[in-house]
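Chains, contacts and geometry: an overview
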Amino acid sequence: MNRSLESFENITKFKTIGVFTSGGDSPGMNSAVRAVARTCAFHGVQCIGIEQGYRGMIENKMIPLGPRDVSNIVHRGGTFLRTARCKEFMEKSGRKQAFENLKKHGVEALVCIGGDGSFTGANIFEQEFGIPTLGIPGTIDNDIFGTDFTLGYDTALNTVVEAVDKIRDTATSHDRIFFVEVMGRDAGFIALNAGIASGATQILIPETQDTFEDVFSALETARKNGKTSSIVLVSEKDELGSVFDIAKEAKNHFPDYDIRVTVLGHIQRGGAPSCLDRVLGARFGVAAVEGLLQGRKNQMVGVKGQDISYTDFDKAVKQHNPLDNSMVRVAKILAGT
Ligand code: ADP
């Protein structure tokens, strides 16, 4: 065995660690579950998979996860453990039931793969019942503070770029303007980066407070510069309104333009995870199990630059990842000329 693998020293020895996926799903979650199960096996810890997040904890849906139980999942989208939103876990009585079930299976620590809601639940659960948890940020939105990348974001970007490339073909053929809505909740990461990668004429994101005049002038400039078709990427929570509202205003302003709307929707959450998300899931899974064994709790694993980082749940759920303004500038320079 490789010496660097041997040199890892456990401080806390858990017999059993549970892993679950919770809240919104994202590509790469399976890679993370696989890594958790196999890192547990590597350190001689039993791994239990909890189906459907907190709901499965309350309903006692738990299965042993040995290294072979997670074969053939690394390339699959979604989460084979399935995920759920669970109102009962918001109540102390639900959390007590979850604790009783975990105790039956000997689960002493948890890895929670989810978003800020799931981490908030895990934080409260630890304070009440003392089960240490480490979180893995699984969301396509990339909006969680404490990590440069969340699991699923890169795959979603690639899905959007592939879809917009196809829309561009038909937009070019017909001299059309397409307003394309993408996901991202309150954050514009998907729209901004996919917009740059797919050559959008304009990118509307909640962080930049654009006006309708900005939209009109970008389209006008594009026409003057010889563009016969355009793609405008719109973040789902843009402050100007829905993609349909924005397209309607544009049509009123430019009655002669052939304007169409596409909402990409849930295809952005599915599909085989990209190489980057598979690797990220693997790194996060190893870091979560080893972090627990090192005595960490109530923290989220992340990646900063090239390195693994740990951020307290309190911090991770209260703040949001700031958008890189230099990227907004890149988008403006490239789209405006
Ligand atoms: P995400 O983890 O993707 O942000 P949600 O916000 O829907 O998704 O949270 C997932 C689940 O986490 C909820 O359905 C609930 O069971 C649990 N949860 C969220 N907030 C709390 C809370 N304040 N107290 C207890 N559990 C919570």
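Our subject in this report is the structure included herewith. (Residues numbered from 1 in each chain as written. Predicted model: local features only at pLDDT ≥ 70, side-chain atom pairs only at ≥ 80, totals over all residues. Heavy atoms only, no water.)

Let us now look at the site of the ligand. In the vicinity of the ligand, 16 residues are found, and the nearest of them are Arg85, Cys86, Gly115, Gly117 and Ser118. The backbone of glycine 24 places a nitrogen or oxygen atom 3.2 Å from an oxygen atom of the ligand. Relative to its free-state accessible area of 560 Å², the ligand is covered by the protein chains to the extent of 81%. With 6 residues, helix α5 (residues 116-129) is the largest single contributor of residues to the shell around the ligand. A class-by-class count of the residues in the shell around the ligand yields 5 nonpolar, 8 polar and 3 charged. (Near = heavy atom within 4 Å. Polar contact = N/O pair within 3.5 Å; in protein donor to acceptor, adjacent residues only side chain to side chain. Areas by Shrake-Rupley, 256 points an atom, 1.4 Å probe, with all protein chains shown as cover. Helix = DSSP H or I, 4+ residues; strand = E, 2+ residues; numbered from the N terminus. Nonpolar A, V, L, I, M, F, W, Y, C, P; charged D, E, K, R; others polar.)

On the secondary structure map, valine 279 appears in helix α10 (residues 275-293). Expressed as a C-alpha distance, the spacing of valine 279 and glycine 28, which sit 251 residues apart in the sequence, is 8.5 Å.

As a further point, take the sheet that holds strand β7 (residues 202-204). On the basis of which strands lie adjacent, the open sheet formed by 4 strands has the order β7-β8-β6-β9 and parallel pairing. In this open sheet, the two strands that pair with only one neighbour each are β7 and β9 (258-263). Taking each pair of neighbouring strands and ignoring which way they run, the sheet shows an average axis angle of 20 degrees. Here β7 runs beside strand β8 (residues 230-235); their pairing, made up of 3 bridges, is parallel. Looking across to β8, one finds that leucine 204 is bridged to valine 234. Packed on one face of the sheet, helix α9 (residues 243-253) meets β6 (176-182), β7, β8 and β9 and runs near 175 degrees to β9. (Pairing = 2+ DSSP bridges. Axes fitted to C-alpha atoms, helices over the stretch in contact; angles between N-to-C directions. Contact = heavy atoms within 4.5 Å.)

Next up on the list: the packing of aromatic side chains. Evaluation of the coordinates by the stated rule reveals 11 aromatic pairs. On the basis of an interplanar angle of 50 degrees and a centroid distance of 5.6 Å, the ring pair of phenylalanine 125 and phenylalanine 129 is categorised as tilted. Within this pair, phenylalanine 125 and its partner phenylalanine 129 are both found in helix α5, separated by 4 residues, close to a single helical turn. As far as burial versus exposure is concerned, phenylalanine 125 and phenylalanine 129 are alike and both buried. (Phe/Tyr/Trp six-rings, centres within 6.5 Å; stacked < 30°, edge-to-face > 60°. Buried < 20%, exposed > 50% of the residue type's maximum accessible area, 1.4 Å probe, protein only.)

Further remarks concern the side chain of glutamate 126. Inspection of the secondary structure puts glutamate 126 in helix α5. In this view, glutamate 126 contacts Ile131, Pro132, Lys297 and Asn298; residues no more than four positions away in its chain are not counted.

In space, the 7 strands of this open sheet follow the order β3-β2-β1-β4-β5-β10-β11, with mixed pairing throughout. In this open sheet, the two strands that pair with only one neighbour each are β3 (62-64) and β11 (307-312). This sheet shows a mean twist of 30 degrees between the axes of neighbouring strands, independent of strand direction. The sheet contact formed by strand β4 (residues 109-114) and strand β5 (residues 133-137) spans 5 bridges and is parallel. Across the sheet, residue valine 111 finds its bridge partner in β5, namely leucine 134. Contacting β1 (16-21), β4, β5, β10 (299-304) and β11, α10 runs over the sheet at an angle of about 165 degrees to β5.

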